[in-house]
Amino acid sequence: MEIGWMCNQSQRQVLVFFVLLSMSGARAELGPYSVVEETERGSFVANLGKDLGLGLTEMSTRGARIISQGNKEHLQLMVQTGDLLINEKLDREELCGPIEPCLLHFQVLMEKPLEIFQAELRVKDINDHSPVFTEREMILKIPENSPLGNAFPLSNALDLDVGSNNVQNYEISPNSHFRVLTRNRSDGRKYPELVLDKELDREEEPEISLTLTALDGGSPPRYGTAQVRIEVVDSNDNAPEFGQPLYKAHIPENSPIGSLVVIVSASDLDSGINGKISYTLFQPSEDTSKTLKVNPMTGEIRLRKQVDFETVQSYEVDIKATDGGGLSGKCTLLLQVVDVNDNPPAVTISALTSPIPENSPEIVVAVFSVSDPDSGENGKTISSIQDDLPFLLKPSVKNFYTLVTKRALDREERAEYNITITVTDMGSPRLKTQHNITVLVSDVNDNAPAFTQTSYTLRVRENNSPALHIGSVSATDADAGANAQVTYSLLPPHDPHLPLASLVSINADNGHLFALRSLDYEVLPAFEFGVGATDGGSPARSSQALVRVLVLDDNDNSPFVLYPLQNGSAPCTELVPRAAEAGYLVSKVVAVDGDSGQNAWLSYQLLKATEPGLFGVWAHNGEVRTARPPSERDAPKHRLLVLVKDNGEPPRSASVTLHVLLVDGFSQPYLPRPEAAAEQAQADPLTVYLVIALAAVSSLFLFSVLAFIAVRLCGRSRAASLGRCSVPEGHFPGHLVDVGGTGTLSQSYQYEVCLRGGSGTSEFKFLKPVIPNLSFQGTGREVEENPSFRNSFGM
């Protein structure tokens, strides 16, 4: 699709359509408005609401705004009041330079419905600049025989103001030889000429100093001064003369630096030094002096920098030829810059609507303008977009275009369109500009989030650190924008006793799951809960997924010995008859491990024994048996250290000490431990001395008492074949004793022989079975506990 102006019938029809559309889309131009430069920011310019015939609310509801060239916001529109205000101080010289009038073009854009009004603002000049001479001191060499009436051009003063505020007149300080005339150039600038009124006499006055004053036409006028120093030279009666008073030249813009513009030539009839000519630019403007340079010997004028038609279309400058005697002549160079197609078109987007709602036809997507600073055919443009898109490009007013939809759009079919606006000029070669815009189609919330899995299984090792990332859940939503923003949450568990809020948490943004505390396999081996995913639409949609967390066991529990008890109370001693055979079951070490799997597989090992080789421990069940029959040479007391070790990595272990007493019969007393005697021997010497002293005083008394007690005990022990020992208070906890053959002694081997803890004396208790109704072998009656036996020991 192309839109342009061609010289054929179809293009003339497009032009007619464009004009009609312009008439329907825009009204007559507004203004012109005017403002004085340097006006303060916020100053009132005009009321656009009144000029457009709109009410106060219409300006706001129709989306009125100002579009300035180059996107410079010189003006500000108050849509509430319709007032057009100055947005920043305007400097006419900066905006327009020497161009008069200084016009700023802008447009008033109404978006609802689309309507564009052309307007212009004229910036009026004030006299805020004084004339300035480029040469603060001018030196003239004038022959003394110069005829009266000769005019000598002087450098002009520059004034950035225009019109009447520019330089209007020149004055010279009072003197008897010269007067000054004000001359006009073709471009309107004024320059001074010094006219000789009285003959010069070098011998009388070789040098004359004058003050030249330039005055502008402001009120009050401003002025600038320069010094003119006249050196009277000897006679040189012929001045240089150019072959032609006006040189016209043309040069294409963007010509390389150093390109030859023209060669000027002058001749002088004098000879010698008075006939030697040098060329200079006479009174060039600042821009001209930066652009052109002249060879003082040959008169060749070349480019000092590249020229740009879009900036300056022509240059006018005087060339001065001066001979060795100080006489000079001048000619004028008029240089025309020829335009070439060196500027591609520029696209300026004034309004862009994105995203646009789906299912809505005839929507204005964008408003843009096209400009090309080139002139003629080089500045004419054609605009187009791709043919396969559901959009249409319509021309508006003065190089403005609107981009509209052809039909209703469907986001599910396509959510994004990349539109390339191509603008081509008519120059040779043709230059084009492409501007890409992206138009998004807005969405409605018609899809619920979907988890990547219906259920997730996460595994985490126990004893984890708090806030450990244990896994993630993920859900996606086919919608876009806020409708696709998924928020994750934990759902209430089905088990009301599960403290889910203290176990795990979920990151609402990314679905990462974290363990809030250290998990214990022995307490909670597994648990499950639901997670929800909710999108950000209105109304919101959601879905659910199941998460199962499996806690992996770690070897964090050492074996715990259930039997024998290691609670610091009086040690229990196992009795073994000296007549026992090899393999006799002495005791059984019973231990458990809170871990599972191989971490709970226990093995037993005899680390240390009083008599190596007498006892052995079965590795798998902890049974302690005799490895050989006891002999008379074996010590009566034995201490066995048994190691219980699990099969974890690294393995954990516990040790237990067994005390075994070899007896001839189950009535043999349990003697004090040698360790106790050794400990007493190591007591404080003072204590030993006191004990010896007390023993010496009361030994007779104690011996009598002990003898009496021994007689009583021996008399009563005959009534029973086996004495009894009081059981320590409290039995094994019921939940720790296994009588099912898994490692605990059977009832027939559960005995306890207990000393009074730490007594160190011969006072003892007799052996008794843990099960009180155990029948004694070889008798037909139960062994009964004799109350008088207990009472005899003060029990």
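Conventions adopted
- Throughout, a residue's number is its position along its own chain's written sequence, starting from 1.
- Per-residue local features are limited, in this predicted model, to residues with pLDDT of at least 70; the limit for side-chain atom pairs, both in listing and counting, is 80 or more; totals at the level of whole chains, interfaces and linings are taken over all residues.
- Values reported for side chains reflect all heavy atoms of the structure, with hydrogen atoms and water molecules removed beforehand.
- Under the DSSP-based scheme used, a helix requires at least four consecutive residues in state H or I and a strand at least two consecutive residues in state E, with every element numbered from the N terminus.
- A 1.4 Å probe rolled over the protein chains alone gives each residue an accessible area, and that area as a share of the maximum for its type sets the label: buried under 20%, exposed over 50%, partly exposed in between.
- By the convention used here, residues are in contact when the closest approach between their heavy atoms is within 4.5 Å.
- Salt bridges are identified by distance alone: a Lys or Arg side-chain nitrogen within 4 Å of an Asp or Glu carboxyl oxygen.
- Patch construction takes residues with relative accessible area above 30% that form no salt bridge. Like charges are linked within 9 Å, and nonpolar side chains (Val, Leu, Ile, Met, Phe, Trp, Tyr) are linked within 5 Å.
- Methods summary: accessible areas were calculated by the Shrake-Rupley approach with a probe of 1.4 Å, and residue burial reflects only the protein chains presented.
- Note on pairing: two strands pair once DSSP finds at least 2 bridges between them.
- Between N-to-C directions, angles cover 0 to 180 degrees, with each direction set by a line fitted to C-alpha atoms, over the stretch in contact for helices.
- Side-chain atoms within 4.5 Å are what join buried Ala, Val, Leu, Ile, Met, Phe, Trp, Tyr and Cys residues into a set we call a nonpolar core.
- Asp and Glu are treated as the negative residues and Lys and Arg as the positive ones, with His and the ends of the chain left uncounted.
- Whenever two N or O atoms come within 3.5 Å, that pair is a polar contact, provided that in protein one can donate a hydrogen and the other can accept it, and provided that, for residues adjacent in sequence, both atoms are side-chain atoms.
- Aromatic contacts are taken between Phe, Tyr and Trp rings whose centres are within 6.5 Å, Trp giving its six-membered ring; a plane angle under 30 degrees counts as stacked, one over 60 as edge-to-face, and the others as tilted.
- Only when the NZ atom of a Lys or the CZ atom of an Arg is both within 6 Å of the ring centre and within 35 degrees of the ring normal do we say a charge sits over the ring.
- By convention, charge coordinates are those of NZ in Lys, CZ in Arg, CG in Asp, or CD in Glu.
- Per-residue confidence from the predictor is given as pLDDT, running between 0 and 100.

### A word on the overall build of the protein chain
Broken down by element type, the protein chain carries nine helices and 54 strands. Among the 795 residues that make up the protein chain, the fraction classed as buried is 39%. Intrachain contacts of the protein chain at a sequence separation of at least 6 include 68% that bridge at least 24 residues.

### A few points about the pattern of salt bridges
Under the criterion given, the structure shown has 23 salt bridges. Salt-bridge contacts for R185 lead to D318; the nearest nitrogen and oxygen are separated by 2.5 Å. In this pair, R185 sits in the loop between strand 14 (178-184) and strand 15 (190-196) while D318 sits in strand 25 (residues 314-322), placing the two residues 133 residues apart along the sequence. A relative accessible area of 12% means that R185 is categorised as buried.

### Notes on a nonpolar patch on the surface
A contiguous nonpolar patch, built from V705, L706, F708 and I709 and spanning about 360 Å² of accessible area, is present on the exposed surface. In this structure, L706 sits in helix 8 (residues 685-717).

### Quick notes on the sheet that holds strand 46 (residues 585-588)
In spatial order, the strands read 46-50-49; together these three strands make up an open sheet with antiparallel pairing. The strands lining the two open edges of the sheet, one partner per strand, are strand 46 and strand 49 (615-617). Recorded for the sheet is a direction-independent mean angle of 20° between the axes of neighbouring strands.

### Some words on the environment of C331
Examined against the element boundaries, C331 turns out to sit in strand 26 (residues 328-338). Given a relative accessible area of 1%, C331 falls into the buried group. With 86 residues separating them along the chain, C331 and P245 place their C-alpha atoms 4.6 Å apart. When residues no more than four places from it in sequence are discounted, the contact partners of C331 are F242, Q244, P245, Y247, V264, V317, D318 and I319.

### Some words on the nonpolar core
Y33, L48, F106, V108 and L121 are the most contacted members of the largest nonpolar core, which has 27 residues in total. When contributions to this core are tallied by element, the ones reaching two or more residues are strand 2 (30-36), strand 3 (44-47), helix 2 (48-52), strand 5 (75-78), strand 6 (83-86), strand 7 (102-110) and strand 8 (115-124). Excluding its chain neighbours within four sequence positions, the residues that come into contact with F106 are Y33, I66, I67, S68, L75, L84, F117, Q118, A119, E120 and L121.

### Things to note about the sheet that holds strand 41 (residues 512-515)
Strand order in the open sheet formed by three strands is 37-41-40, with antiparallel pairing between adjacent strands. Taken across any chain shown, the strands that pair with only one partner, and hence form the sheet edges, are strand 37 (468-472) and strand 40 (504-506). The sheet shows a mean angle of 30° between the axes of neighbouring strands, taken without regard to direction. Bridging between strand 37 and strand 41 involves four bridges; their strand directions are antiparallel. By the bridge assignment for strand 41, S472 is matched with H512.

### Re the side chain of D535
Structurally, the position occupied by D535 is in the loop between strand 42 (526-534) and strand 43 (542-552). There is no salt bridge for the buried D535, and the closest opposite charge comes from R541, which lies 5.6 Å off by N-O distance. Polar side-chain contacts of D535 include one of 3.3 Å to the backbone nitrogen of G537. Excluding residues within four positions of it along the chain, D535 makes contact with N445, N447, A448, P449, D477, A482, N483, Q485, V486, A540 and R541.

### Let's talk about the packing of aromatic side chains
Considering all chains together, one arrives at seven aromatic pairs under this definition. Taking 6.1 Å as the distance between ring centres and 55° as the angle between the ring planes, the aromatic pair formed by F242 and Y279 counts as tilted. Taken together, the positions of F242 in strand 18 (residues 241-242) and Y279 in strand 22 (residues 278-282) put the pair 37 residues apart, joining distant regions of the chain. In this structure, F242 and Y279 share a single accessibility class: buried. On the numbers, 6.1 Å between centres and 25° between planes, the contact of F527 with F529 is stacked. Of the residues examined, F529 reaches a relative accessible area of 3% and is grouped as buried. One aromatic cluster is present, formed by F451, Y456 and Y488 through successive ring pairs. Here R185 stacks its cationic end above the ring of Y191, 4.4 Å away from the centre of that ring.

### Overview of a negative patch on the surface
Judged by side-chain charge, D201, E203, E204 and E205 come together as a negatively charged surface patch. Mapped onto the secondary structure, E204 falls in the loop between strand 15 and strand 16 (207-216).

### A short note on unusual backbone geometry
Here the residue pair E100 and P101 is connected by a cis peptide bond, since its omega of 0° sits within 30 degrees of zero. Mapped onto the elements of the fold, P101 is located in the loop between helix 4 (92-96) and strand 7. The backbone of Q283 shows a phi angle near 50°, a positive value even though the residue is not glycine. Its place among the elements puts Q283 in the loop between strand 22 and helix 5 (286-291). Under the relative-accessibility criterion, Q283 is labelled buried at 7%. Even without being a glycine, N463 presents a positive backbone phi close to 65°. Residue placement: N463 occurs in the loop between strand 36 (455-461) and strand 37.

### Focus: the side chain of D161
The residue D161 is located in the loop between strand 12 (157-158) and strand 13 (167-172) in this model. The side chain of D161 sits in the buried core without any salt bridge; R92 is the nearest counter-charge, 5.7 Å away. Within the structure, the side chain of D161 is placed 3.3 Å from the backbone nitrogen of D128, a separation counted as a polar contact. In terms of polar contacts, D161 uses its side chain to reach the backbone amide nitrogen of H129, at 3.0 Å. Look past the residues within four positions of D161 in its chain and what remains in contact with it is E37, R92, E93, D125, I126, N127, D128, H129 and N166.

### Quick word on the environment of E111
By secondary structure assignment, the location of E111 is in the loop between strand 7 and strand 8. For E111, a relative accessible area of 36% translates into the label partly exposed. Separated by 47 residues in the primary sequence, E111 and A64 place their C-alpha atoms 6.6 Å from one another. Within polar-contact distance, the side chain of E111 engages the side chain of R65 at 2.9 Å.

### Looking at the environment of T134
The residue T134 is located in the loop between strand 9 (132-133) and strand 10 (137-143) in this model. For T134 and Q283, which are 149 residues apart along the polypeptide, the C-alpha to C-alpha distance reads 8.3 Å. What T134 contacts, discounting residues up to four positions off in sequence, is N156 and L158.

### Focus: the confidence of the model for the protein chain
Summary statistics for the protein chain give a mean pLDDT of 79 and a share of 81% for residues scoring 70 or more. Throughout residues 718-795 the model reports pLDDT below 50, and contacts reaching past four residues in sequence, or to other chains, amount to 115 contacts.

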